[in-house]
There are 2 protein chains.
Amino acid sequence: MATIDEFIENAGLYYERLGLSRTAGRIIGCLLADTDQAADAPGLRERLGVAKSSLSVALRQLEQSGLVERYRPTRGRRDHYRLADDVFGRAFRAKMTEFDAFTELAEQGLSVVGQDPVARARLELMRDMYAFMAREFPKLLDEWEQQRSPDAARAVDTTADGSGKPA
Amino acid sequence: MATIDEFIENAGLYYERLGLSRTAGRIIGCLLADTDQAADAPGLRERLGVAKSSLSVALRQLEQSGLVERYRPTRGRRDHYRLADDVFGRAFRAKMTEFDAFTELAEQGLSVVGQDPVARARLELMRDMYAFMAREFPKLLDEWEQQRSPDAARAVDTTADGSGKPA
DNA sequence: CTAGTTGTTCGGATCGTTCCGAACAACTAG
DNA sequence: CTAGTTGTTCGGAACGATCCGAACAACTAG
């Protein structure tokens, strides 16, 4: 049995391994677990015990990577934050860019290595494998979306038009 | 047009983003590009310009993660190093453990979050999605292995029995 | 215009990681 | 046994990343 604080701390650790900062990961944990739909800066600040400035940079980081959305309730004074509807899909796609990066790395290697057949074969294998993954992984995501709900794709599209959901 | 040193440096950067240390990544780049099949410590040391101790820990790290194999030629005095036959497959599988980790994180979240339906639905979605990926991704790897060469699996098995390849 | 609130930016301090050089242990050749 | 070589371990230094508190900018209400 674990507490909510332990869960948030774990989220910080896990997302840190994914390349985010520790506090950014803890924010995600907070938004994941907290039932409060209207998370704002003071609330996060109290829950996480971090400085206002750290929240600012972490939230900007999360917003720019598309994982967290910022919105302001009508006639509200302060920003509120919520997870993007397809947080996990976005996280997957972000990770997926590594495939392209390594494909390019392999191509760069082929351009600088000599004619040694062993090295060339290995680099070609590397290039083809990462290209294969970059090509097939999105299909896996689509497959998941369809399995989850036949009209999941449509739902994602409608939420992507910029109209905020919450009241 | 790039040089071999730039390629090695890029490999260091890319593999560092994957969680390895910088020098470990540069070692991989070296083993990828260098036509010299018999890479040893002095050679790597000269090529990378790092201390002997740094090589030791990085090579141990790479060896324990299964990416690099250490062998000693018959009647040789020093160890030699080569990439594992299925370096990339191993890298993929290592990355894949993140899926399980996040599945467990979602389950932990479900155990600590209340009955709020929104939070629960989101955590269940997270759990199911990562579980789906953890289940489907290995199939993708198998698919690749079969597409590349029908008896690739057999080849991998024979090289895994401990018999060193190089003379 | 003034006062109060919200979000951002900046300099300094702190923390963790990595690296290097030196001492150490293990092994081989002669 | 001795000398030389190879690989490992350890302490200190350097680097990068992150975080905090304070000053700053932007905005709103009255």
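Residues numbered from 1 in each chain as written. Chains lettered and ligands numbered in written order. Predicted model: local features only at pLDDT ≥ 70, side-chain atom pairs only at ≥ 80, totals over all residues. Heavy atoms only, no water.

**A short note on the overall build of chain A**
The helix and strand inventory of chain A stands at seven helices and three strands. Taken from N to C terminus, the helices and strands of chain A fall in the order α-α-β-α-α-β-β-α-α-α. Within chain A, buried positions represent 43% of all 167 residues. A separation threshold of at least 6 residues defines the contact pool for chain A, and within that pool the share at least 24 residues apart is 49%. Accessible area of chain A: about 8900 Å², with a carbon and sulfur share of 48%. (Helix = DSSP H or I, 4+ residues; strand = E, 2+ residues; numbered from the N terminus. Buried < 20%, exposed > 50% of the residue type's maximum accessible area, 1.4 Å probe, protein only. Contact = heavy atoms within 4.5 Å. Areas by Shrake-Rupley, 256 points an atom, 1.4 Å probe, with all protein chains shown as cover.)

**Concerning the pairing of strand 3 (residues 80-83) of chain A**
All names here are of chain A. Judged by which residues are buried, strand 3 turns out to be covered on both faces: H80 and R82 on one side and Y81 and L83 on the other are all buried. As paired strands, strand 1 (residues 39-40) and strand 3 are joined by two bridges and run antiparallel to one another. If you follow D40 over to strand 3, its bridge partner there is H80. (Pairing = 2+ DSSP bridges.)

**Looking at the protein's contact with DNA strand C**
If you check the shell around DNA strand C, you find 17 residues, and the closest are S53, S56, R78 and D79 of chain A together with S54 of chain B. Protein-proximal atoms of DNA strand C, defined as those within 4 Å of the protein, fall in sugar or phosphate at a share of 67%. A distance of 3.1 Å separates a phosphate oxygen of DNA strand C from a polar side-chain atom of T23 of chain B. Contacts to DNA strand C include S53 of chain B, whose side-chain N or O atom sits 2.8 Å from a base oxygen. Listing elements by their share of the surface near DNA strand C, those giving two or more residues are helix 4 (52-64) of chain A together with helix 2 (22-33) and helix 4 (52-64) of chain B. Considering each element in turn, the surface near DNA strand C owes the most residues, four residues, to helix 4 of chain A. Looking at the surface near DNA strand C residue by residue, the class counts come to three nonpolar, six polar and eight charged. (Near = heavy atom within 4 Å. Polar contact = N/O pair within 3.5 Å; in protein donor to acceptor, adjacent residues only side chain to side chain. Nonpolar A, V, L, I, M, F, W, Y, C, P; charged D, E, K, R; others polar.)

**Let's talk about the sheet that holds strand 3 of chain A**
All names here are of chain A. Read from one edge of the open sheet, three strands run 1-3-2, paired in antiparallel fashion. Single-partner strands in this sheet number two, and they are strand 1 and strand 2 (68-71). Bridge analysis of strand 2 against strand 3 gives four bridges, and the strand direction is antiparallel. Each residue of the ladder has a partner; that of R70, found in strand 3, is Y81. This element, helix 4, spans strand 2 and strand 3 of the sheet and lies at about 110 degrees to strand 2. (Axes fitted to C-alpha atoms, helices over the stretch in contact; angles between N-to-C directions.)

**Section: the interface of chain A and chain B**
Listed by partner, the interface residues are 53 residues for chain A and 53 residues for chain B. Around 5100 Å² of area is buried between chain A and chain B when both sides are counted, 74% of it from carbon and sulfur atoms. Inspection of the region where chain A meets chain B yields zero salt bridges. Where chain A meets chain B, there are two residue pairs in polar contact (both at pLDDT 80 or more). Of all the secondary-structure elements, those providing two or more residues to the side of chain A that touches chain B are helix 1 (4-17), helix 2 (22-33), helix 5 (87-112) and helix 6 (117-148) of chain A. Take the side of chain A that touches chain B: its biggest share by element is 19 residues, from helix 6 of chain A. (Buried area = accessible area lost by both parts, 1.4 Å probe. Salt bridge = Lys/Arg side-chain N within 4 Å of Asp/Glu carboxyl O.)

**Here we look at the protein's contact with DNA strand D**
Close to DNA strand D lie 17 residues; S54 of chain A together with S53, S56, R78 and D79 of chain B are nearest. Among the atoms of DNA strand D close to the protein, meaning within 4 Å, 65% are from sugar or phosphate groups. A distance of 3.1 Å is found between a phosphate oxygen of DNA strand D and a backbone nitrogen or oxygen belonging to A51 of chain A. Taking S53 of chain A, its side chain carries an N or O atom lying 2.9 Å from a base oxygen of DNA strand D. Those elements giving two or more residues to the surface near DNA strand D turn out to be helix 2 and helix 4 of chain A together with helix 4 of chain B. Among the elements that take part in the surface near DNA strand D, helix 4 of chain B stands out by supplying four residues, more than any other. Among the residues making up the surface near DNA strand D, the classes are represented as three nonpolar, six polar and eight charged.

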